[in-house]
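Fold and contact review
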Amino acid sequence: MGPHPAVAAIRLAVRRVLHDILNDHHASAGRPASGEQSPSERPPSPLVLVACSGGADSMALASALAFEAPKLGIRAGGVTVDHGLQPGSDLRAEEVALRLRELGLDPVESTAVTVGREGGPEAAARDARYAALDAAAERHGAAAVLLGHTRDDQAETVLLGLARGSGTRSLSGMAAVSGADGRYRRPFLELDRQIARKACMVQSLPVWDDPHNTDPAYTRSRLRHEGLPALEKALGKGVVEALARTAQLSRDDADALDAWARRAEASVRDAAGLLECAKLYALPPAVRRRILRQAAIEAGAPAGSLFARHIEEVDRLITGWRGQGAINLPGKVVAQRQGGRLVIRQG
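This report concerns the structure included in the present document. (Residues numbered from 1 in each chain as written. Predicted model: local features only at pLDDT ≥ 70, side-chain atom pairs only at ≥ 80, totals over all residues. Heavy atoms only, no water.)

1. Focus on the nonpolar core
L18, L65, L105, L146 and F188 are the most contacted members of the largest nonpolar core, which has 36 residues in total. Put simply, the parts of the chain that give this core at least two residues each are α1 (5-28), β1 (47-51), α2 (56-68), α3 (89-102), β4 (144-146) and α7 (193-202). The element that contributes the greatest number of residues to this core is α1, accounting for nine residues. Those residues in contact with L146, other than ones at most four positions away along the chain, are V14, V17, I21, V48, L49, V50, A51, L61, L65, R185 and P187. Core analysis: the second largest hydrophobic core is formed by 26 residues, L275, L283, V287 and I318 among them. (Core = buried A, V, L, I, M, F, W, Y, C linked by side-chain atoms within 4.5 Å. Buried < 20%, exposed > 50% of the residue type's maximum accessible area, 1.4 Å probe, protein only. Helix = DSSP H or I, 4+ residues; strand = E, 2+ residues; numbered from the N terminus. Contact = heavy atoms within 4.5 Å.)

Okay, structure coming up:
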């Protein structure tokens, strides 16, 4: 008799991602993933870490990684991040680390971070968490870090992007593969949250429910417990699945437009490297605004603080020029039109 369907589903999702990681690892070593090789010729076994908060999603992911990795000759470890936002968070992080070790993961570490205030509490915690995961991956030489985001998380991300009015890229949600050199992998984006929770229950895996996930002070929490249920009540079941499909379609469109913008950028710069307004004006708006956004980021504007309204204001220097003054952007970056050129630089 095979495993419970929920357990089988999470293991299959992780197995697929591990195969991708293994193929990438062999390709980067310049050797085929299979074939006749002596032990001395084979690249060292890659290490894959799981980021685990102790919640149902990440505990289900950790258990599946611990089960699947040894069968593929992959080393598996874990990292839990203590954000220090709740009393006793350090002890809870140590408990999670202990559970990961009990699953057979090695290395396992608990790392504490200091959460700032820039961008709001949720964004600041996310930035601190990813910085800690990046550092852990570098420290251990990990080939990848697995994240437990589910289809429900994807739907929430799409709605948050829609509320911000940030364009196609924001509506594309979270990528299955992201980060430097594809470091972050999200095996569960096609699985719903209840499958992960069921998998933990049938395996008797203890889980921790973060009270912040039900705190209405946080935007994502309100969306999860009020917004999405209201949408499903008004529109019927299937909203989460539809939003996840929207994310993938939007991502395909955004990738194509990004590639177009990269190709077009060189053609709209003069010999000195400045952006020419007349040539920018001739481009489709979606392509032109991508070039403007990238130019602002390269000048020092933080990507996470650069919203659609900022780019629209810069775009008006090209499409609605009336002699207006400079546009102030996040990161003390200034955009202004000078002699038919668009200058974006630190103010």
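2. A closer look at the packing of helix α8 (residues 219-235) against helix α9 (residues 239-265)
Between α8 and α9, whose axes approach to 9 Å, the crossing angle comes to 105 degrees. Classified by the angle between their axes, α8 and α9 sit roughly perpendicular to one another. Residue-level inspection shows L228, L231, E232 and L235 of α8 in contact with α9, the latter providing V239, V240 and L243. (Axes fitted to C-alpha atoms, helices over the stretch in contact; angles between N-to-C directions. Parallel < 35°, antiparallel > 145°, perpendicular 65-115°, else oblique.)

3. A few points about the sheet that holds strand β6 (residues 184-185)
The strand order β3-β2-β1-β4-β6-β5 describes an open sheet built from six strands, whose pairing is mixed. Each having just a single partner strand, β3 (108-112) and β5 (177-178) make up the two edges of the open sheet. As defined by bridge partners, β4 adjoins β6 across two bridges and the pair is classed as parallel. Bridge pairing in β6 places L146 opposite R185. Against the sheet, α2 makes contact with β1, β2 (75-82) and β4, and its axis sits at roughly 160 degrees relative to β1, the strand it touches most. On top of the sheet, helix α4 (residues 121-140) reaches β1, β2, β3, β4 and β6; it is set at about 145 degrees to β2, its chief contact. (Pairing = 2+ DSSP bridges.)

4. A short note on the pattern of salt bridges
On inspection of all chains with the given rule, the structure shows 25 salt bridges. In this structure, K237 engages E232 in a salt bridge whose closest nitrogen and oxygen atoms are separated by 3.5 Å. Linked by salt bridges that have partners in common, D153, E156, R193, R220 and R224 make up one network. (Salt bridge = Lys/Arg side-chain N within 4 Å of Asp/Glu carboxyl O.)

5. A short note on the layout of surface pockets
Sizing a probe to match a water molecule and rolling it over the atoms shows the empty space that remains. If you add up the space inside the second largest pocket, you get close to 590 Å³. In terms of lining, the second largest pocket is formed by 24 residues, of which the most central are A176, R186, P187, L189 and E190. For the lining of the second largest pocket, the secondary-structure elements that each account for two or more residues are α1, α5 (151-164) and α9. A total of six residues in the lining of the second largest pocket trace back to one element, the largest contributor, which is α1. Here the lining of the second largest pocket is composed, by residue class, of 13 nonpolar, three polar and eight charged. (1 Å grid on protein atoms, 1.4 Å probe; cavity = no way out; pocket = protein on both sides within 12 Å on 5 of 7 lines; lining within 4 Å. Points joined across faces, edges and corners; volume = space filled by probe spheres on them. Nonpolar A, V, L, I, M, F, W, Y, C, P; charged D, E, K, R; others polar.)

6. Remarks on α5
If you check α5, its first and last C-alpha atoms are 20 Å apart, about what 14 residues at 1.5 Å a residue would give, namely 20 Å. A large share of α5 lies buried, amounting to 11 of its 14 residues. Three or more residues of α5 are buried, namely R151, D152, D153, Q154, A155, E156, T157, V158, L159, L160 and G161. Where α5 is buried, its residues contact α2, α6 (168-171), α7, α8 and α9. (Expected span 1.5 Å × (residues − 1).)

7. Thoughts on unusual backbone geometry
Looking along the chain, the bond that leaves D106 and enters P107 is cis, with omega of 10 degrees. With respect to the helices and strands, the residue P107 is situated in the loop between α3 and β3. The residue S204 is not glycine, and still its phi comes out positive at about 55 degrees. Along the polypeptide, S204 turns up in the loop between α7 and α8. Using a relative accessible area of 62% as the deciding quantity, one classes S204 as exposed. Look at K332: it is not a glycine, yet its phi comes out positive at around 60 degrees. Tracing the backbone shows K332 in the loop between β8 (327-329) and β9 (333-338). Assessed through its relative accessible area of 68%, K332 is described here as exposed.

8. So, the side chain of Q86
With respect to the helices and strands, the residue Q86 is situated in the loop between β2 and α3. A polar side-chain atom of Q86 sits 3.0 Å from a polar atom in the side chain of D210. (Polar contact = N/O pair within 3.5 Å; in protein donor to acceptor, adjacent residues only side chain to side chain.)

9. Remarks on the sheet that holds strand β7 (residues 275-276)
Spatially, four strands are ordered β7-β10-β9-β8 in an open sheet, and the strand pairing comes out antiparallel. Of all strands in the sheet, those bounded by a partner on one side alone are β7 and β8. Its contacts with the sheet place helix α11 (residues 285-298) against β7, β8, β9 and β10 (341-346), and it is angled at close to 35 degrees to β10.

10. Points about the pairing of β1
By the criterion of burial, β1 is predominantly enclosed, with five of the five residues buried. Covered by surrounding structure in β1 are L47, L49 and A51 together with V48 and V50, the residues of both alternating faces. With five bridges joining them, β1 and β2 adopt parallel strand pairing. Each bridged residue has a counterpart across the sheet, and for L47 the counterpart in β2 is R75. A crossover links β1 with its parallel partner β2, the connecting element being α2, and its sense is right-handed. Taken together, the three bridges between β1 and β4 define a ladder with parallel strand orientation. Following the sheet pairing, V48 is matched in β4 by A144. (Right-handed = clockwise from strand over helix to strand, strands pointing away.)

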